[in-house]
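# Summary of structural features
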Amino acid sequence: MNTTVTAKAHTNIALVKYWGKKDPQLMLPQNGSISLTLDHFYTETSVTFDDQLAHDQIYFNDQLLQPAKAQRISQFLDLIRQRSGQTHFARVTTGNHVPTSAGLASSASGFAALAAAGSRAAGMHLDLTDLSRLARRGSGSATRSIFGGFVEWHAGHDDQSSYAEVLQDPVDWDVQMIAVVLKATKKPISSTDGMARVVATSPYYPAWVQTANHDLDRMRHAIAAKDLHALGMIAETNAMRMHALNLSADPAFNYFTADTLTAIQAVTDLRANGVNCYYTLDAGPNVKIICAGHDTAVIKAALAKHFAPEQLIVAKPGPGITITEA
Ligand code: DP6
C-alpha cells in the first residue's frame, strides 16, 4: 500500500524581507526575515510515492505540469528521496486556494506544503524545525510558511542553523492585511534571478544587509509590544529599500505598475488623514496594506475610487501547516 499524505500550508508576507542569498545551493539568505502568515491564501498538496511510476507526475490545479515546469519540484523530491532512502517516483497533486489570478500564489505555501507532505509520504517524521529547514531548500520564503502568526527566519550559516521559528502565534491583537490585487502583468524577472542580480550588481547591497539586521531588532520589539504603527513603518521602509535595490541593479528592474503607485499613494493619503495603514510589496505589482481590522471598511471605501471590490481581499493572521495521512 502506498501512503498518500496531504499537507496544507498558508502563504506569508514578509515584513522584513529576504532579498538575496549568500549560498544559492543551500538556500542560505544574506539576512534574516520576519513575516506574517495569512489565513486567506493557502496551498494543499498530496504526495504518493508509487513503484508503478516511471517519473514524477505533478498536477497543479488539476493540470499535469510539463517537464520544464515540473523540474524544480522534481529536484526537491530528489532531495527527499536522497534523505529518506525512498526510491520511487511520486504523484503530486497541488491545489492553490488563492482567488483566481490574484498573483499571490507564492512558492512559500507551495514548497512548505510539499516539504511536509513529501517527507511524510517518504516515511520521514520530521519535526517543525526540520520541516522548515527542508522547505527552505525549495524556496526561501517557504521556510517561514511552516509556522503560523508572526515568524522569524534565522539566516544562519549552514543547513542546521538556517530555519524559522514562531515569534507570536496566536496573534491576539488586531492586525490584518488587505491585498490589493492588481492586473497581472508578465513578471520582469523572477524572485530568484532578481535577488541574484541585486547581490551581484547593486552598490547599495551592503547597506541593505546592515539596515535589514537593524529592522529585525526593531520589528521583534514592535511585534512583542503589539505596536501597529511601529510595525507598519518598519515594514514600509524595509519594502521600499528592497525595491530601491532593484532600481539600483545593473541592469535596473522593478515590479511596479501604474496601479501599484496609485495604491501606494492612496495608503499615504489615508495615513495623512489619520488612518493607521501601511503598505508592503513583494516581487510583483500587488500592494498589501497592513492595518487594524476596525479600519478595513474605511480603507476599502477609499480604495474603491480606484479598484473594484474583488481586487481588495482582507486577510487575517493564519495558522501553520497541517498534515493528514490517508
Ligand atoms: C520578495 O522565496 O520566492 O517575497 O528562495 O529564490 O525561491 P527563492 O525566492 P522567494 O523570494 C521571496 C522574496 C520576497 C521577500 C520575502 O518573502 O521575504
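Please refer to the structure placed before this passage.
Summary of the structure given here. (Residues numbered from 1 in each chain as written. Predicted model: local features only at pLDDT ≥ 70, side-chain atom pairs only at ≥ 80, totals over all residues.)

The next thing to look at is the overall build of the protein. Scanning the protein for helices and strands turns up eight helices and 14 strands. Here the C-alpha radius of gyration of the protein, 19 Å, is about what a compact globule of 326 residues would show, namely 20 Å. Counting only C-alpha atoms and orienting by the principal axes, one finds that the protein spans roughly 65 × 40 × 40 Å. When burial is assessed residue by residue, the protein has 45% of its 326 residues classed as buried. Taking as baseline every contact in the protein between residues at least 6 positions apart, the subset at least 24 positions apart corresponds to 73%. (Helix = DSSP H or I, 4+ residues; strand = E, 2+ residues; numbered from the N terminus. Rg over C-alpha atoms; globule rule 2.2 N^0.38 Å. Buried ≥ 20, exposed ≤ 12 C-beta atoms within 10 Å, placed from the backbone. Contact = placed C-beta atoms within 7 Å.)

Turning our attention to the packing of helix H1 (residues 67–84) against helix H2 (residues 107–121). At a minimum axis distance of 10 Å, the contact between H1 and H2 shows a crossing angle of 35°. The element H1 and its partner H2 pack so that their crossing is right-handed. From H1, Ile73, Phe76, Leu77, Ile80 and Ser84 reach across to H2, where they touch Phe111, Leu114, Gly118 and Ser119. Split by residue class, the contact of H1 with H2 holds six nonpolar, three polar and no charged. (Axes fitted to C-alpha atoms, helices over the stretch in contact; angles between N-to-C directions. Left-handed = near helix turned anticlockwise from the far one by under 90°. Nonpolar A, V, L, I, M, F, W, Y, C, P; charged D, E, K, R; others polar.)

Across its 15 residues, H2 extends 20 Å between first and last C-alpha, which sits within 8% of the 21 Å expected from 1.5 Å per residue. With 15 of its 15 residues buried, H2 lies for the most part within the structure. Just beyond H2, the residue with positive phi is Gly123, at close to 95°. (Expected span 1.5 Å × (residues − 1).)

Our focus in this paragraph is the nonpolar core. Formed by 84 residues in total, the largest nonpolar core has its most connected members in Ala112, Ala115, Ala116, Val180, Met219, Leu231 and Ile289. Sort the elements by how many residues they give to this core and H2 lands first, with nine residues. Counting only domains with at least three residues in this core, you end up with domain 1 (4–172 + 319–325) and domain 2 (176–315). Once you skip the residues sitting within four places of it in the chain, Met219 turns out to touch Leu15, Val16, Ile34, Leu231 and Ile234. (Core = buried A, V, L, I, M, F, W, Y, C linked by C-beta atoms within 7 Å. Domains from an automatic or database assignment.)

In an α-helix there are 3.6 residues to a turn, and that puts residues three or four apart on one side. With 20 residues, helix H5 (residues 205–224) should reach 28 Å at 1.5 Å per residue; the first-to-last C-alpha distance of 29 Å fits that figure. When we look at burial in H5, the residues that qualify are Trp208, Ala212, Asp215, Leu216, Met219, Ala222 and Ile223. Axial view of H5: buried residues confined to an arc of 135°, hence all on one face. More than 90 degrees from the buried face of H5, the exposed residues found are Pro206, Gln210, His214, Asp217 and Ala224. Residues of H5 that are buried in the fold lie against strand S1 (4–16), strand S4 (33–50), strand S8 (150–154), strand S9 (163–168) and helix H6 (228–247). Downstream of H5 by one or two residues, Lys226 has phi in the positive range, about 55°. (Arc of directions from axis to C-beta.)

On to the site of the ligand. In the region of the ligand, 14 residues are neighbours, and Ala14, Ser139, Gly140, Ser141 and Thr192 sit closest. Looking at the shell around the ligand, its residues break down into five nonpolar, seven polar and two charged. Inspection of the shell around the ligand shows a minimum of three residues originating in each of domain 1 (4–172 + 319–325) and domain 2 (176–315). (Near = placed C-beta within 6 Å.)

Taking strand neighbours across the sheet as the criterion, the four strands line up as S11-S12-S10-S13 in an open arrangement whose pairing is antiparallel. A single partner strand is all that each edge strand has here, and the edge strands are strand S11 (277–280) and strand S13 (312–315). Each neighbouring strand pair of the sheet contributes to a mean axis angle of 25°, computed without reference to strand direction. By the bridge criterion, four bridges tie strand S10 (residues 176–180) to S13 in an arrangement that is antiparallel. Bridge pairing in S13 places Val180 opposite Leu312. Strand contacts of H6: S11 and strand S12 (287–291), with the helix running at about 30° to S11, the strand carrying the most contacts. Set on the sheet, helix H8 (residues 296–303) makes contact with S10, S11, S12 and S13; between it and S10 the angle comes to about 15°. (Pairing = 2+ DSSP bridges.)

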